[in-house]
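Architecture and fold: a report
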Amino acid sequence: MEKKEQLYEGKAKKVYATDDPELLIVSYKDDATAFNGKKKGTIAGKGIINNKMSNRLMARLEKEGVPTHFVEELNERETLVKKVKIVPLEVIVRNISTGSFSKRYGFPEGVVFDEPTVEYSYKNDELNDPLICDSHVLAMKLTTKEELQTIHDYALRVNEVLKAFWLSCGVTLVDFKLEFGRLADGTIILADEISPDTSRLWDAATGKKLDKDRFRQDLGGVEDAYQEIMGRLEAQLKA
Ligand code: 5GP
């Protein structure tokens, strides 16, 4: 597969065209941002970890009935993926209260929900990714009703699969963000990445944060936390 021109550079990844119009190459960077780009930094080795982790998790999700963009890992930072048009929604699933949920509602952190929550943010940096309700998604025709139902069902399925998997690694899946896209024929598939950049992952025994919150909140030990969580995942996949 030939890597052609760079199409896009985002906060954490670059995207390249290939000689196949249906396939793209994503390249994971070590750059880290938070608070809509207001905080910037580098997490050494993050791109390598996020590439590998996202690929392992998406491969597992495929087996469990969630279609994804993952095609083939090309090298430690680059992966071949199916080309999609991204649906401009951040799909957030929560098992435990924290982050913007606790902030928005003045609700205590660390409360385990009886059922996972699903919410959407409208992906728009200028507007700071505002929370959006279903009827507004439909009013702006960001998705059809059927597509939104599909996205909702896939998001909960992803949660079931990943919650169980992370638990087997001794890790609590607190919450995460997904992005979906449409193939040329309109099929909805999971895209973007699933990594410690996009998930909250707490050590199940100690509650230690093993994700990007260490960077967001200046907790230190950021690189070590990424290494630790990747090590847990790899050990479990080998077991
Ligand atoms: P919160 O809404 O509490 O800030 O985030 C909920 C979950 O979604 C967290 O796991 C967080 O990492 C993820 N998330 C929400 N928005 C973004 C975003 O813009 N970028 C990234 N990387 N993750 C996000």
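Digging into the domain arrangement of the chain
Taken domain by domain, the chain consists of domain 1 (3-82) and domain 2 (85-220 + 229-238). A separation of 17 Å is found between the C-alpha centroids of domain 1 and domain 2. Between domain 1 and domain 2, the contact holds 32 residues from the first and 30 residues from the second. Each partner contributes to the roughly 2800 Å² buried at the junction of domain 1 and domain 2, and carbon and sulfur atoms together form 66% of this total. Our enumeration of links across domain 1 and domain 2 arrives at 7 salt bridges. Lys-52 is the salt-bridge partner of Glu-234, the closest N and O atoms lying 3.0 Å from each other. The interface formed by domain 1 and domain 2 holds 18 residue pairs in polar contact (both at pLDDT 80 or more) in total. At 11 residues, the largest contribution of residues to the side of domain 1 that touches domain 2 is made by helix H1 (residues 46-63). Its residues assigned to classes, the side of domain 1 that touches domain 2 comprises 13 nonpolar, 8 polar and 11 charged.

Focus: the pairing of strand E9 (residues 89-96)
Most of E9 is tucked away: 8 of the 8 residues are buried. Both E9 and strand E12 (residues 171-182) contribute to a ladder of 4 bridges, which runs antiparallel. What sits directly across from Arg-94, in E12, is Asp-175.

Points about helix H6 (residues 222-238)
When the terminal C-alpha atoms of H6 are compared, their 25 Å separation across 17 residues agrees well with the 24 Å that a helix rising 1.5 Å per residue should span. The complete set of buried residues in H6 reads Val-222, Ala-225, Tyr-226, Ile-229, Met-230, Arg-232 and Leu-233. Viewed end-on, H6 has its buried residues packed into an arc of 150 degrees, placing them on one side of the element. Among the exposed residues of H6, those pointing more than 90 degrees away from its buried face are Asp-224 and Lys-238.

Quick word on the site of the ligand
Arg-94, Ser-100, Asp-175, Asp-197 and Arg-200 are the nearest of the 14 residues found near the ligand. One of the side-chain nitrogen or oxygen atoms of Asp-175 is found 2.6 Å away from an oxygen atom of the ligand. Between an oxygen atom of the ligand and a side-chain N or O atom of Arg-200, the distance comes to 2.9 Å. For the ligand, whose unbound accessible area comes to 490 Å², protein coverage reaches 78%. When the residues that make up the shell around the ligand are grouped by side-chain class, the tally is 2 nonpolar, 4 polar and 8 charged.

Conventions we followed
Residues numbered from 1 in each chain as written. Predicted model: local features only at pLDDT ≥ 70, side-chain atom pairs only at ≥ 80, totals over all residues. Heavy atoms only, no water. Domains from an automatic or database assignment. Contact = heavy atoms within 4.5 Å. Buried area = accessible area lost by both parts, 1.4 Å probe. Salt bridge = Lys/Arg side-chain N within 4 Å of Asp/Glu carboxyl O. Polar contact = N/O pair within 3.5 Å; in protein donor to acceptor, adjacent residues only side chain to side chain. Helix = DSSP H or I, 4+ residues; strand = E, 2+ residues; numbered from the N terminus. Nonpolar A, V, L, I, M, F, W, Y, C, P; charged D, E, K, R; others polar. Buried < 20%, exposed > 50% of the residue type's maximum accessible area, 1.4 Å probe, protein only. Pairing = 2+ DSSP bridges. Expected span 1.5 Å × (residues − 1). Arc of directions from axis to C-beta. Near = heavy atom within 4 Å. Areas by Shrake-Rupley, 256 points an atom, 1.4 Å probe, with all protein chains shown as cover.

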